[in-house]
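# Reading the structure
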Amino acid sequence: MPGAEAARVPRHIAIVMDGNGRWAKARRRPRSFGHNAGRKAVRVVIEGCLREGVQALTLFAFSSENWQRPQDEVGALMSLFLRALDKEVDELHQHGVRLRFIGDLDAFDEPLRQRMQAAMTHTAGNRALQVNIAVSYGGRWDIVQASRRAAAAVASGELALGQIDEARLGQWMCLAELPPLDLFIRTGGECRISNFLLWQAAYAELYFTETLWPDFDQACLRHAIEDYARRERRFGRTGEQVAATS
Ligand code: FPP
């Protein structure tokens, strides 16, 4: 892809996949039916990202706060994750997808943790697209875990306090090794970040759509990418400065 064209494709997309419950309710079905439909949308969007040449896709599958949902919904989501891992990993692997799970993985039962670890190991060598699934994840949790690592490095004498700066702390945040987050999408009509990737989204372009997650398809993804391509990203500079360097 020529340079100018490639620049218009976000390197890294994050999605808050909201609206499964309402999608199910509109069909008089249980919320788990909506989550299952949401799983199919995940597949479609991964295919879309592969086609568009996106390098990394980060999906908010289960937040630190989602543990507060009714027990049966949490249980249904856990078994859905297990089924998805069993069913989808081989095919993702064949398409060159590298899978990673980010979040407080210790919060999960051993069988699920083992499956997540196995999927990460199995796909570790793939390069076509990295898909990060955020589970038991919160942006504040991420900042706290990075801060703890910084504190430990200072306490052990490995670093001086003055050496802790944005770049250093950023190295300890989840996804630091990936291209910066370019496009943050939220489906389902709410216009908030809900504690997802707080640090990483500092300069991301935000895109909100009324479309409920199970209805989000490749055309919706294309629309979001086209919208992103029209944005002027200034990173604190003036429009004139940006024009002079592009
Ligand atoms: C938010 O919709 C969605 C979730 C909390 C779960 C997301 C899970 C999936 C899309 C399932 C598959 C994921 C993977 C990675 C296999 P909501 O329940 O809050 O919807 P509502 O706002 O309409 O109630």
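Relevant structure appears above.
Residues numbered from 1 in each chain as written. Predicted model: local features only at pLDDT ≥ 70, side-chain atom pairs only at ≥ 80, totals over all residues. Heavy atoms only, no water.

## Observations regarding the layout of surface pockets
Condition: For each structure, a 1 Å grid was placed over the protein atoms alone; sets of points admitting a 1.4 Å probe that cannot get out are labelled cavities, open sets with protein on both sides within 12 Å along at least five of seven lines are labelled pockets, and lining residues have an atom within 4 Å of a point. Grid points are joined across faces, edges and corners, and a volume is the space filled by probe spheres set on the points. A run of DSSP states H or I qualifies as a helix once it reaches four residues; a run of E qualifies as a strand once it reaches two. Both are numbered from the N-terminal end. Under the grouping applied here, Gly and all other residues not named as nonpolar or charged are polar, the nonpolar ones being Ala, Val, Leu, Ile, Met, Phe, Trp, Tyr, Cys and Pro and the charged ones Asp, Glu, Lys and Arg.
The space that makes up the largest pocket amounts to roughly 900 Å³. Breaking the lining of the largest pocket down by element, the ones donating at least two residues are helix 2 (20-26), helix 3 (31-52), strand 2 (56-63), helix 4 (71-94), strand 3 (97-102), helix 5 (110-123) and strand 4 (129-137). Counting residues per element, the lining of the largest pocket draws most heavily on helix 4, at 8 residues. Looking at side-chain class alone, the lining of the largest pocket contains 22 nonpolar, 8 polar and 9 charged residues.

## Digging into the side chain of Glu73
Spelled out, the test is: Three exposure classes are used, based on accessible area relative to the maximum for each residue type with a 1.4 Å probe and protein chains only: buried under 20%, partly exposed in between, and exposed over 50%.
For Glu73, the position within the fold is in helix 4. In this structure Glu73 comes out as buried when scored by relative accessible area, which is 8%.

## Description of the sheet that holds strand 5 (residues 183-186)
Applicable threshold: For two strands to be treated as a pair, DSSP must find no fewer than two bridges joining them. With axes taken as lines fitted to C-alpha atoms, and helix axes fitted only over the stretch in contact, angles between N-to-C directions fall between 0 and 180 degrees.
Across the sheet, which stays open at both edges, the 6 strands sit in the order 3-4-2-1-5-6 with parallel pairing between neighbours. Each edge of the open sheet is held by one strand with a lone partner, namely strand 3 and strand 6 (205-208). For this sheet the average axis-to-axis angle between neighbouring strands, irrespective of direction, equals 20°.

## Some details on helix 3
Defined as follows: Multiply 1.5 Å by the residue count of a helix minus one, and that product is the helix's expected span.
Helix length check: helix 3 (22 residues) gives 31 Å between terminal C-alpha atoms against 32 Å at 1.5 Å per residue, within 8%. Every buried residue of helix 3 is listed here: Gly34, His35, Ala37, Gly38, Arg39, Ala41, Val42, Val45, Ile46, Gly48, Cys49 and Glu52. In the stretch just after helix 3, Gly53 is the one whose phi turns positive, near 85°.

## Structural notes on the site of the ligand
How we decide: Residues are classed as near a molecule or strand on a simple rule: at least one heavy atom within 4 Å of it. Contacts described as polar in this section are N or O atom pairs within 3.5 Å, which, within protein, must combine one atom able to donate a hydrogen with one able to accept it, while residues neighboring in sequence count only if both atoms come from side chains. Only the protein chains shown count as cover for residues, and the accessible areas themselves come from Shrake-Rupley with a 1.4 Å probe. Molecules are considered to sit inside a cavity or pocket once more than half of their atoms lie within 2 Å of its grid points.
As a matter of local geometry, the ligand sits amid 18 residues, with Asp18, Gly21, Arg22, Arg31 and Arg69 nearest to it. Between the ligand and Gly19 there is a distance of 3.3 Å, counted from an oxygen atom to a backbone nitrogen or oxygen. One of the backbone N or O atoms of Asn20 is found 3.2 Å from an oxygen atom in the ligand. Considered on its own, the ligand offers 630 Å² of accessible surface; in the complex 90% of this is hidden by protein. In a pocket analysis with a 2 Å cut-off to the grid points, the ligand is assigned to the largest pocket.

## Brief notes about the pairing of strand 2
Within strand 2, 8 of the 8 residues are buried, which leaves the element mostly enclosed by the surrounding structure. The pairing of strand 1 (residues 12-16) with strand 2 spans 5 bridges and is parallel. Residue pairing for strand 2: His12 is matched across the bridge by Ala56.

## Concerning the side chain of Gln200
The following threshold applies: Should any heavy atoms of two residues lie within 4.5 Å, those residues are counted as being in contact.
With respect to the helices, strands and loops of the structure, Gln200 is situated in the loop between strand 5 and strand 6. Note on Gln200: relative accessible area 15%, which makes it buried. Of note is the side chain of Gln200, whose polar atom sits 2.9 Å from the side chain of Asp142. With residues near it in sequence (within four places) discarded, Gln200 still touches Tyr137, Asp142, Met173, Cys174 and Leu181.

## Some points on unusual backbone geometry
One non-glycine residue, Leu175, lies in the positive phi region at around 75°. Relative to the assigned elements, Leu175 resides in the loop between helix 7 (166-172) and strand 5. Phi at Leu197 takes a positive value of approximately 45°, unusual for a residue other than glycine.

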